[in-house]
Amino acid sequence: MSTPPLAFPASFAEKYRPVTIAGFIGLEKAKKIMGKFAAHPYQSAWLFVGPPGVGKTSMAQTLASEIGAEVHHVPSQKCNAQAIEDVCRMCAYVPLSGGFHLVIVDEADRMTPAAQLALLSKLDATAQSPNTIWIFTCNESGSLEPRFLSRCRVIEFSSYGMAGDIAEYLNKVWHAEGGNGNGPDLVRLAKESRNNVRDCLMRLEVELMAL
């Protein structure tokens with residue numbers, strides 16, 4: 001008889017990560033655009049711009065899941081010219097899924113200048129990787145090379161006015177996790193976290209531990 005795998009607890013940020021594009025809080029415009037793109041994906045480059053914790057990287061991961069793409073992740077502050085060459089080499093092969101490669105580059109505003117220059121030919125017809133979708137995330141785009149920006153489709157991830165929606169979502173999590181009726185002021189929690197959903201979930205996790 002086989003032994004069942006051990007179930008390790010996950011943080012709330014991981015446990016309640018959206019599994020569909022439609023499942024994100026707020027972000028109506030981004031959800032609409034990505035929903036249509038997921039239905040008919042094509043080789044392209046995207047830049048998700050917005051404050052921390054609003055769901056930029058999670059949206060990229062969810063898109064990859066919905067279209068069945070093979071994911072390549074370039075971590076924050078690791079994107080240099082060599083990293084670009086390495087990931088492009090991997091994307092030259094047919095994806096294991098048979099569909100698309102999806103490259104996620106976090107904190108693109110921290111890319112080296114050489115990396116941005118290397119991407120100029122990779123994101124247009126000059127030396128484009130086949131069947132590859134690039135998604136770059138950043139908090140602000142002011143430091144990015146204009147020629148790089150001209151090759152990306154930019155989506156703003158705004159957290160403005162999300163406090164009410166976040167509070168409603170946190171209330172569901174609170175009760176799902178066994179919270180009682182004397183929960184924290186969830187609207188205030190969202191505002192104090194500047195509508196950073198990841199931060200809100202971590203703070204709610206701590207509040208539940210204090211019961």
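Above this text is the structure in question.
The notes below deal with the structure included here. (Residues numbered from 1 in each chain as written. Predicted model: local features only at pLDDT ≥ 70, side-chain atom pairs only at ≥ 80, totals over all residues. Heavy atoms only, no water.)

### Thoughts on the packing of helix α4 (residues 81–91) against helix α5 (residues 113–122)
Right, on to step 1. Where α4 meets α5, the closest approach of the two axes is 7 Å, and the angle between their N-to-C directions is 30°. When the axis of α4 is compared with that of α5, the two are roughly parallel. Across the interface between the two elements, Ala81, Ile84, Glu85 and Cys88 from α4 touch Ala114, Ala115, Ala118, Leu119 and Lys122 from α5.
Right, on to step 2. The class makeup of the residues in the contact of α4 with α5 is seven nonpolar, no polar and two charged. (Axes fitted to C-alpha atoms, helices over the stretch in contact; angles between N-to-C directions. Helix = DSSP H or I, 4+ residues; strand = E, 2+ residues; numbered from the N terminus. Parallel < 35°, antiparallel > 145°, perpendicular 65-115°, else oblique. Contact = heavy atoms within 4.5 Å. Nonpolar A, V, L, I, M, F, W, Y, C, P; charged D, E, K, R; others polar.)

### Let's talk about the nonpolar core
Right, on to step 1. Ranked by size, the top nonpolar core spans 41 residues in total, and within it Met34, Phe48, Leu63 and Leu102 carry the most contacts.
Right, on to step 2. Only α2 (28–39), β1 (44–49), α3 (56–67), β3 (101–105), β4 (132–138), α7 (163–176), α8 (186–192) and α9 (197–209) provide two or more residues apiece to this core.
Right, on to step 3. In terms of residue count, the dominant contributor to this core is α7 (six residues).
Right, on to step 4. Among residues more than four places away in sequence, those in contact with Phe48 are Met34, Lys56, Met59, Ala60, Ile135, Phe136, Thr137, Cys138, Ile155 and Phe157. (Core = buried A, V, L, I, M, F, W, Y, C linked by side-chain atoms within 4.5 Å. Buried < 20%, exposed > 50% of the residue type's maximum accessible area, 1.4 Å probe, protein only.)

### What to know about the packing of aromatic side chains
Aromatic rings considered in pairs are described by the distance between their centres and by the relative angle of their planes.
Right, on to step 1. Applying the stated criterion to the full structure yields six aromatic pairs.
Right, on to step 2. Ring geometry for Phe136 against Phe148: centres 4.9 Å apart, planes inclined by 85°, an arrangement best described as edge-to-face. Of this pair, Phe136 sits in strand β4 while Phe148 sits in helix α6 (residues 146–149), placing them 12 residues apart in sequence.
Right, on to step 3. Classification of Phe136 by relative accessible area gives buried; the value is 0%.
Right, on to step 4. Exposure remark for Phe148: the relative accessible area of 0% places this residue in the buried category.
Right, on to step 5. Pairwise contacts between aromatic rings join Phe37, Tyr42 and Trp46 into one cluster.
Right, on to step 6. Across from the ring centre of Trp46, 5.8 Å away, lies the NZ or CZ of Arg153, which sits over that ring. (Phe/Tyr/Trp six-rings, centres within 6.5 Å; stacked < 30°, edge-to-face > 60°. Lys NZ or Arg CZ within 6 Å of the ring centre and 35° of its normal.)

### What to know about the pattern of salt bridges
Right, on to step 1. Scanning the model with the defined rule gives nine salt bridges in all.
Right, on to step 2. Across the salt bridge formed by Lys15 and Glu177, the nearest N and O atoms sit 2.7 Å from each other. Taken together, the residues Lys15 in helix α1 (residues 12–15) and Glu177 in the loop between α7 and α8 connect sequence positions 162 residues apart.
Right, on to step 3. The exposure class of Glu177 is partly exposed, given its relative accessible area of 26%.
Right, on to step 4. Between Arg147 and Glu145 there is a salt bridge; the shortest N-O distance is 2.8 Å.
Right, on to step 5. Given a relative accessible area of 43%, Arg147 falls into the partly exposed group.
Right, on to step 6. A single network of salt bridges, built from pairs that share partners, joins Arg188, Glu192 and Arg203. (Salt bridge = Lys/Arg side-chain N within 4 Å of Asp/Glu carboxyl O.)

### Overview of the environment of Met209
Right, on to step 1. Within the element layout of this structure, Met209 appears in helix α9.
Right, on to step 2. In this structure Met209 comes out as exposed when scored by relative accessible area, which is 64%.
Right, on to step 3. As a C-alpha pair, Met209 and Gly179 span 30 residues in sequence and 9.7 Å in three-dimensional space.

### Brief notes about unusual backbone geometry
Right, on to step 1. The phi dihedral of Asn131 is positive, around 50°, even though this residue is not glycine.
Right, on to step 2. Within the secondary structure layout, Asn131 lies in the loop between α5 and β4.
Right, on to step 3. One non-glycine residue, Asn195, lies in positive phi territory at about 60°.
Right, on to step 4. For Asn195, the location among the structural elements is in the loop between α8 and α9.

### What to know about the pairing of β4
The side chains of a regular strand alternate, residue by residue, between the two faces of the sheet.
Right, on to step 1. Most of β4 sits inside the fold, with seven of its seven residues counted as buried.
Right, on to step 2. With burial as the criterion, each face of β4 is covered, one bearing Thr132, Trp134, Phe136 and Cys138 and the other bearing Ile133, Ile135 and Thr137.
Right, on to step 3. Pairing geometry for β1 and β4, over six bridges, is parallel. In the sheet register, Trp46 faces β4, and the bridge partner there is Ile135.
Right, on to step 4. Pairing of β3 with β4, which is carried by five bridges, proceeds in the parallel orientation. (Pairing = 2+ DSSP bridges.)

Spatial relationships are all this shows, so hold off on functional conclusions.
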